[in-house]
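Chain by chain, the residues:
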Amino acid sequence: MPLQVGIVGLPNVGKSTLFNALTSGKADAANYPFCTIDPNVGIVTVPDIRLDKITAFVKPKSVVPTTMEFVDIAGIVKGASKGEGLGNQFLGNIKQTDAIIHVVRCFDDPNVIHVSGSVDPIRDMDVINTELLLADYDTAEKKAKRVEKLAKTSADPKVKMDADVTQRIFKALQEGKPARSVALNDLEAPYAADMHLLTSKPVLYACNVSDTDFAAGGNDWSRSVEKRAAEENNKSILICSSMEADIAQLPPEERAEFLASLGATEPGLNRLIREAYLLLGLYTYFTAGEQEVRAWTIKKGFKAPQAAGVIHTDFEKGFIRAEAYHCEELFSLKSEAAVKEAGKYRSEGKEYLVKDGDILFFKFNV
């Protein structure tokens, strides 16, 4: 199942407009709360200039980029954790995603209703974050009571570790801190993952500004979001949903001309997609031959057999070795043959940690 990034925020902050721009989808973007009820899902190509450069050298018959899924989730309001505004349904949709893009309204427009009556991005951020935290609080409280009883009567170290992790997360939530603020080692992390907590997901704040403020590099509202995000050890990014939606509707030749008029080489959405990719802790490796050049998505920290398994499970089961070189070596030496002549073409075993940008060819036997 592809990794999913959920787009969340209060009603009328520009979520569905952003989703439409990302996916060229048809999500409703009307000017009233709860316009989006069922989540819209769209598959988006991850922009990667390295794929184009590899293709220029290898000249394959086909090119396949890597993709990720974006989910447009209906606007959340205060009280969502208690069911307000179909809140339970919306929070359930967020639970299925792997990361969150939190769209924050940083523009003033009397023609677009604000659910709270005024523009205040920090207040809006607090509303969403509080609702996610309250939902997690209920989940953690129930589990904490259950595992505490089990830990008192069990000698199983796994049960005791589960109880310890749960209690630490519950304590953080009691203090108003998200679950992701609790430092966990590799042995502890699976117990937290089993709780499927909303505040454990990585977050990227998207400051939605007017086209004028976007050209100016932001405004006081977006700068306040950037400051808060930094305090939370999160990132923020500047977007103009309406402008990106307009760009997405242009024919390719007009799109390039319009971007050039703005002094840009690519849509701002490309950066948003790449930031979301990094948010999920993802790497890209490539396979390259005359038939096909293809980008593959893996988690950072994957070893060669795991990376091979992304292509097919048989590749992982029967893994022998990976023939490898880095795309930057291809770019500098101009061909695979030159890479081999320079001694940069390597044979890697089962413990090899795949690097972002590696070009790999797997040997396997099933």
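Basis of the calculations
Residues numbered from 1 in each chain as written. Predicted model: local features only at pLDDT ≥ 70, side-chain atom pairs only at ≥ 80, totals over all residues. Heavy atoms only, no water. Helix = DSSP H or I, 4+ residues; strand = E, 2+ residues; numbered from the N terminus. Buried < 20%, exposed > 50% of the residue type's maximum accessible area, 1.4 Å probe, protein only. Contact = heavy atoms within 4.5 Å. Areas by Shrake-Rupley, 256 points an atom, 1.4 Å probe, with all protein chains shown as cover. Phe/Tyr/Trp six-rings, centres within 6.5 Å; stacked < 30°, edge-to-face > 60°. Lys NZ or Arg CZ within 6 Å of the ring centre and 35° of its normal. pLDDT = per-residue confidence, 0-100. Core = buried A, V, L, I, M, F, W, Y, C linked by side-chain atoms within 4.5 Å.

Visitor: Looking at this model, I keep getting lost on the overall build of the protein. Mind explaining?
Guide: Scanning the protein for helices and strands turns up 15 helices and 12 strands. Each of the three principal axes of the protein carries a C-alpha extent, and together these read 65 × 65 × 30 Å. In the protein, buried positions account for 45% of the 366 residues. Put simply, 69% of the contacts in the protein that link residues at least 6 apart link residues at least 24 apart. Per element, the accessible surface of the protein, about 18,300 Å² overall, is 53% carbon and sulfur.

Visitor: Looking at this model, I keep getting lost on helix 1 (residues 15-23). Mind explaining?
Guide: Structural remark: α-helix, 3.6 residues per turn; residues separated by three or four positions point the same way. Burial within helix 1 is extensive, with 8 of its 9 residues counted as buried. Within the sequence span of helix 1, burial applies to K15, S16, L18, F19, N20, A21, L22 and T23. Looking one or two residues beyond helix 1, the residue adopting positive phi is S24, at roughly 50 degrees.

Visitor: How should the packing of aromatic side chains be read in this particular structure?
Guide: Given two aromatic rings, one states the distance between the centres and the angle between the planes to describe the pair. Throughout the structure, instances matching the rule amount to 6 aromatic pairs. Among the aromatic side chains, those forming a connected cluster through ring pairs are Y285, F319 and F362. Directly above the ring of F331 sits K53, whose terminal nitrogen or CZ lies 4.4 Å from the centroid. Positioned over the ring face of Y345 is K340, at 4.8 Å from the centre of the ring.

Visitor: What exactly am I supposed to notice about helix 9 (residues 241-249) here?
Guide: Turning to helix 9, its buried residues number three or more, namely S241, M243, E244, A245, I247 and A248. Tucked inside the fold, the buried residues of helix 9 contact helix 1, strand 6 (203-208), helix 7 (211-215), strand 7 (235-239), helix 10 (252-261) and helix 11 (268-279).

Visitor: What should I look at first to understand the confidence of the model for the protein in this one?
Guide: Predicted coordinates in regions of low pLDDT should not be interpreted in detail. The pLDDT averaged across the protein works out to 89; a share of 91% of its residues lies at or above 70. Predicted confidence for residues 25-37 stays below pLDDT 50, and this span has 37 contacts to residues more than four positions away or in other chains.

Visitor: What am I meant to see in the nonpolar core here?
Guide: Generally speaking, nonpolar side chains in soluble globular proteins are found buried as a group. Ranked by size, the top nonpolar core spans 47 residues in total, and within it L22, M68, F70 and I101 carry the most contacts. Beyond its immediate sequence surroundings of up to four residues, M68 is in contact with L3, V5, G42, I43, V44, V46, I273, A276, Y277 and L280.

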